[in-house]
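# Commentary on secondary and tertiary structure
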Amino acid sequence: MQIRAGRLLGEGGFAFVYEATDVATGRALCLKRMILGGNPTAEATARKEILLMSRLSGSPGIVTFFGSSLVEHGGGAGARGGCEAYIVMEYCRGGHLLNVLQRMAAENRSFQVKDAAALMSQVVEGLRVLHAQSPAIAHRDVKLENILVEDSSTGKALKLCDFGSAAVGPQDVSSAS
């Protein structure tokens, strides 16, 4: 698959997310570029995210994964070079849920309670998929920016994205006192 990156959609931590296009088909995609440098922890996190996305792709409430690539950069003279990871996923035209809510607020609109409940049931379905895995997966970063909206005109098809903070297996949920 040959991808052409377009406009920057967002950034955070060590990642940049771009609107992209499949050169062969013209299909709109999303490209996440993670700059890992020579950091083994960041590389392990990227590999985990890629593994989880490939495993969960096609599930209800989860963004569709199309492929990934890890690119090593030479370090020269025995030094460890940098590394970048790329994840290709579905492009959700509605953006993330925070953008949708901000646009609605600017237009003095809001969701009816029944509509908000129906939308949140889609998020819960994505979380159900994660928790039903064996071993279970905890997303650990559910927020409006990590809930994508497939079509903002209808507000339909909310999908979870960004599995970089996810954890697999039992988690300690006690809080520090």
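Report on the accompanying structure. From a predicted model like this one, the values you see are computed outputs, not experimental measurements.

## So, the sheet that holds strand β3 (residues 28-35)
- The 5 strands lie next to each other as β1-β2-β3-β5-β4, forming an open sheet whose pairing is antiparallel. Each edge of the open sheet carries a strand with a single partner, namely β1 (3-12) and β4 (65-72). Strand after strand, the sheet turns through a mean of 25 degrees between neighbouring axes, direction not considered.
- Direction of pairing for β1 relative to strand β2 (residues 15-22): antiparallel, over a ladder of 7 bridges. Residue pairing for β2: Arg4 is matched across the bridge by Thr21.
- Sheet contacts for helix α1 (residues 40-56): β3, β4 and β5 (83-90); angle to β4, the most-contacted strand, approximately 160 degrees.

## Digging into the nonpolar core
- In terms of nonpolar packing, the biggest core is built from 35 residues, with Leu56 and Phe163 touching the most fellow members.
- When contributions to this core are tallied by element, the ones reaching two or more residues are β3, α1, β5, α2 (97-106), α3 (113-131), β7 (147-151) and β8 (156-160).
- Judged by nonpolar contacts, the second largest core, of 5 residues, contains Tyr18, Ala20, Leu31 and Val88.

Conventions adopted
All residue numbers refer to position in the chain's written sequence, counted from 1. pLDDT decides what is reported in this predicted model: residues at 70 or higher carry local features, side-chain atom pairs at 80 or more are listed and counted, and totals for whole chains, interfaces and linings draw on all residues regardless. The basis for the side-chain values is all heavy atoms of the structure; hydrogens and waters are excluded. By this definition, two strands are paired if DSSP reports at least two bridges between them. Only DSSP runs of H or I reaching four residues or more are called helices, and only runs of E reaching two or more are called strands; each is numbered from the N terminus. Note on definitions: angles span 0 to 180 degrees between N-to-C directions of axes, and those axes are lines fitted to C-alpha atoms, for helices only across the stretch in contact. When checking whether two residues touch, look at their non-hydrogen atoms; a contact exists if any pair is within 4.5 Å. Nine residue types can take part in a nonpolar core, namely buried Ala, Val, Leu, Ile, Met, Phe, Trp, Tyr and Cys, and a core is a set of them joined through side-chain atoms within 4.5 Å. Each residue gets one of three labels from its accessible area relative to the maximum for its type: buried under 20%, exposed over 50%, partly exposed in between, using a 1.4 Å probe on protein chains only.

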